[in-house]
Amino acid sequence: MSAEIPLKYYDIADEYSTECAEPVKESEREPLARYFQLLITRLMNNEEISEEAQREMASEAGIDEERIDEIATFLNQWGNE
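Residues numbered from 1 in each chain as written. Predicted model: local features only at pLDDT ≥ 70, side-chain atom pairs only at ≥ 80, totals over all residues. Heavy atoms only, no water.

Caption draft 1: Structural view of the overall build of the chain. When its secondary structure is counted, the chain shows four helices and zero strands. When the elements of the chain are put in sequence order from the N terminus, they spell out α-α-α-α. Relative to the globule expectation of 12 Å for 81 residues, the C-alpha radius of gyration of the chain, 12 Å, shows essentially globular dimensions. In terms of overall dimensions, the chain has C-alpha extents of about 30 × 25 × 25 Å along its principal axes. The contacts in the chain between residues at least 6 apart in sequence include a share of 59% that link residues at least 24 apart. (Helix = DSSP H or I, 4+ residues; strand = E, 2+ residues; numbered from the N terminus. Rg over C-alpha atoms; globule rule 2.2 N^0.38 Å. Contact = heavy atoms within 4.5 Å.)

The structure is reproduced here in structure tokens:
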């Protein structure tokens, strides 16, 4: 676990892993936590998040771009609970 990624983002990644269609490998846990950190930080700063920005964050975090839409859906549902 990386010291720079707060534990709450690992918790979100773990929750996502229980609900996603494609199983999350252990090697994906940290990149997913990093992606959630990047994404949620932008959301909290009221920054627009375009599809291009999502791809850039996915690339920076090291996650498969195919997870982007599913993660967006997960966050929408998670935010509404």
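Here the narrative resumes, following the displayed structure.
Caption draft 2: Examining the pattern of salt bridges more closely. Tallied over the full model, the rule gives four salt bridges. Among the salt bridges present, the one from D14 reaches R29, with a minimum N-O distance of 2.7 Å. Here D14, found in helix α1 (residues 7-19), pairs with R29, found in helix α2 (residues 26-44); they are 15 residues apart in sequence, far enough to count as distant. Overall, D14 belongs to the partly exposed group, its relative accessible area being 29%. Between R34 and E60 there is a salt bridge, with its nearest N and O atoms 3.1 Å apart. You can see R34 sitting in helix α2 and its partner E60 sitting in helix α3 (residues 51-61), a full 26 residues away along the chain. Residue class for R34 comes out partly exposed when judged on its relative accessible area of 21%. By relative accessible area, which is 53% here, E60 ends up exposed. Here the salt bridges do not stand alone but share partners, grouping E28, R67 and E70 into one network. (Salt bridge = Lys/Arg side-chain N within 4 Å of Asp/Glu carboxyl O. Buried < 20%, exposed > 50% of the residue type's maximum accessible area, 1.4 Å probe, protein only.)

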